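Chain by chain, the residues run as shown.
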Amino acid sequence: MTYSRFHDLNLSNAVLIFADILMLSGNFAGTQLFLFYFNPEYLSHPGIIINVLNLIYYTLPIQLALLAVGLYNEKLRESYSGITVRILVAISLAYMLSTSLYLITPQPFPAGFTREWMYGSALVGLMIVRFIAIRSRYQMLGRLKVLILGAGERASLINRCMRRQSDRVHVELTGYVPMPGDNREKSNVAPVLDISDSLEAFVQSNHIKEIIIAADERRGNLPTDSLFLCKMEGVQVIDIIDFIERETGQVAVSHIHPSWVIFNPHATGNKIGRSLYWLFNCAIAMLLLLITWPILIAIVVMIKWEDGFRAPVLYSQERVGLKGKRFSIYKFRSMKIDAESQGEQMASRQDPRITRVGNVIRKYRLDELPQLINILKGDMNFVGPRPERPSFSSQFERQIPYYNHRLYVKPGLTGWAQLKYPYGDNIEDTIEKLKFDLYYIKHKSVILDILILIRTSEIVLFGKGR
C-alpha cells in the first residue's frame, strides 16, 4: 500500500470537498423542487441539459472560490468568525464568476431571484458544514501511525521541518528507534523507544502503518529482514526525505544526496509543449490585464499623487532567469526614488524605504502586475521560483547547495514557495524558500500551476503579500 498526497490534497480534504458538493447539490435540487411545487411545468420547461448546466454554473464557481480563499487548507489558523468571513468572500466571488459565465455563454439566467436564493442558502449551508467539520476534527481522517527508524541528526529533520502541531495533522508519531551510528548529540527527538521484541512484532502490535528510514548511517545497520516482513504485511517503508517532501511540500536540501539531483526526473518538454505552455501563460496574462486595468490606472494616479507628477511610476531591475539568462523585470515603484542610493539591499519586512502607497500595493501584490509584460515577452511564467538579482544570486549559489537548480525553470510571478513560506529577507529564509522551489521543480505540471494560481488568490484577497 502506498500513501501519497497530491500537493496537500488528502482524505480529510476529499471528505470536506465531497460534503460541500453534496450540500450544494442538495441545495440546488431543493430549490428546483420548491419552484416545481409552485409551478409544475418549471422542470419540464428549462430542459434537463439546461438544468445540468445551471448546476455546474452554481457549484463549480463556489468550489473554486472556496479553494481560492484557503478554505481547503487544513493548516489555516482562523477562528470560526474568520472562516465565516472567508465563506462570505468566497460566495461573493463565486456569484461574480457565475454571472460572468452566464454573460459569455448562451446559457440563459435562471428565472427570477433563483440564483440569489441559492447563493444565500449556500452561505448558510457552508457555515453549517464548516462548523460540523471543525467540531468533528475532520483533519484526523486518514491519519497514519508512523515509526521512525533513527534517533540522530537525520531524524531531527522532523522537528525542524514539522515544528507546529498543524504540520503533523496527518501523522501520529509513535516514536524514534535508535540505530547504530546515529549522532545523538545533535538530536533532541522524543520519545526514543527501546524495542525489546522484533521490529515486525512491535509494528504489528502497535498498528504501525508506515516506517520512516531516518538512520544517520544506513550501511549494514538497517534490519532489512524485518523491514521486508513489514512490507509484506502492507506497511509502507519510505525514506525521511520523501516523508518530509510529502508532508510539508519541501525538499530538505541540507540532507539530500547528489544522487537525488542526478536521478531526479526533470522533463523540459518538447518545442510544441513549451509553445503551448507559453500560450497558456499569455492567455492568463491578457485576461488579467483585461480585468485589472482600472486598478492599474488607480495605482498610477496614487503614485503620482504621493510623489509628484514627474515621479516615475515603474522601475526595472535586472534579474536572473532561465539558465542564468539576465532580463529586466518590471514593477510598480513601491520605494522612494533614492531607495538604493547607498547600494543594493535586500528588502525587509519593515523597510523604511517603502512609501505609503508602496505599503498598500506590496501587501496585496499589486506592485507585481507590470510583470505581465515579462510574461508576454517570455522572460517569465506565471508560476515558478521568484527571480533574484544577479549579485544576490551569485552569492546564494556560492553559499547554498543546489541553489542553481532554480534556474532549470523560468522564474514566475508567483510560486509554491510564496504559498508555503512567509516573506524572507536573509540567507536562512532563502534556504527555506529553496526547499519549496525544488519541490515545485520536481513536480512541475500544468495542474500544479493552476492549483498555485488559484491559491495565490488568498494572498491577494487577504493582504498576505510583501
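In the annotation of an unreviewed UniProt entry, the protein chain is listed under the name TIGR03013 family PEP-CTERM/XrtA system glycosyltransferase and assigned to Photobacterium arenosum. Here the protein chain is described in UniProt, under the heading Subcellular location (unreviewed entry), as follows: "Membrane". Quoted straight from UniProt, the Sequence similarities (unreviewed entry) entry for the protein chain says "Belongs to the bacterial sugar transferase family."

Trainee: What's the story with the packing of helix α10 (residues 271–307) against helix α11 (residues 356–363) in this structure? I'm lost.
Mentor: Geometrically, a packed helix pair is captured by the angle between its two axes and the distance between the axes. One way to put it is that α10 packs onto α11 with a least axis distance of 9 Å and a crossing angle of 155°. Classified by the angle between their axes, α10 and α11 sit roughly antiparallel to one another. Between α10 and α11, the contacting residues are Ile 299, Met 302, Ile 303 and Glu 306 on the first element and Arg 356, Val 357 and Ile 361 on the second. Counted by class, the contact of α10 with α11 contains five nonpolar, no polar and two charged residues.

Trainee: Sorry if this is basic, but what is going on with the side chain of Thr 456 here?
Mentor: Secondary-structure assignment places Thr 456 in helix α16 (residues 446–461). Not counting the four nearest positions on each side in its chain, Thr 456 is found in contact with Thr 414 and Leu 419.

Trainee: I keep staring at the pairing of strand β1 (residues 144–149) and nothing clicks. Help me out?
Mentor: On a regular strand, one side chain projects to one face of the sheet and the next to the other, so that they alternate. The buried fraction of β1 amounts to five of the six residues, a majority that puts the element mostly inside the structure. The pairing of β1 with strand β2 (residues 171–177) spans six bridges and is classified as parallel. When the sheet's bridge partners are listed, Leu 149 is paired in β2 with Val 177. Across four bridges, β1 lies against strand β3 (residues 210–213) in parallel orientation. Note on β3: the bridge partner recorded for Val 146 is Glu 210.

Trainee: How do you make sense of the packing of aromatic side chains when you look at a structure like this?
Mentor: Between two aromatic rings, the relevant description is the distance of the centres plus the angle of the planes. The full count for this structure, using the stated rule, is ten aromatic pairs. Both rings, one in Tyr 80 and one in Phe 131, keep their centres 5.7 Å apart while their planes meet at 75°; by these two values the pair is edge-to-face. Note that Tyr 80 is positioned in helix α3 (residues 80–104) and Phe 131 in helix α4 (residues 114–135), a separation of 51 residues in sequence. Positioned above the aromatic ring of Phe 462 is the side chain of Arg 86, whose terminal nitrogen or guanidinium carbon lies 4.2 Å from the ring centre. Seen from the ring of Phe 309, Lys 304 lies directly overhead, with NZ or CZ sitting 5.4 Å from the centre.

Trainee: I keep staring at the side chain of Gln 107 and nothing clicks. Help me out?
Mentor: Following the sequence through the fold, Gln 107 ends up in the loop between α3 and α4. Residue Gln 107 is classed as buried on the basis of its relative accessible area, which comes to 7%. In terms of polar contacts, Gln 107 uses its side chain to reach the side chain of Asn 54, at 2.9 Å.

Rules used throughout
- Residues numbered from 1 in each chain as written.
- Predicted model: local features only at pLDDT ≥ 70, side-chain atom pairs only at ≥ 80, totals over all residues.
- Heavy atoms only, no water.
- UniProt positions renumbered as here; feature names shortened; annotations may be inferred.
- Axes fitted to C-alpha atoms, helices over the stretch in contact; angles between N-to-C directions.
- Helix = DSSP H or I, 4+ residues; strand = E, 2+ residues; numbered from the N terminus.
- Parallel < 35°, antiparallel > 145°, perpendicular 65-115°, else oblique.
- Contact = heavy atoms within 4.5 Å.
- Nonpolar A, V, L, I, M, F, W, Y, C, P; charged D, E, K, R; others polar.
- Buried < 20%, exposed > 50% of the residue type's maximum accessible area, 1.4 Å probe, protein only.
- Pairing = 2+ DSSP bridges.
- Phe/Tyr/Trp six-rings, centres within 6.5 Å; stacked < 30°, edge-to-face > 60°.
- Lys NZ or Arg CZ within 6 Å of the ring centre and 35° of its normal.
- Polar contact = N/O pair within 3.5 Å; in protein donor to acceptor, adjacent residues only side chain to side chain.

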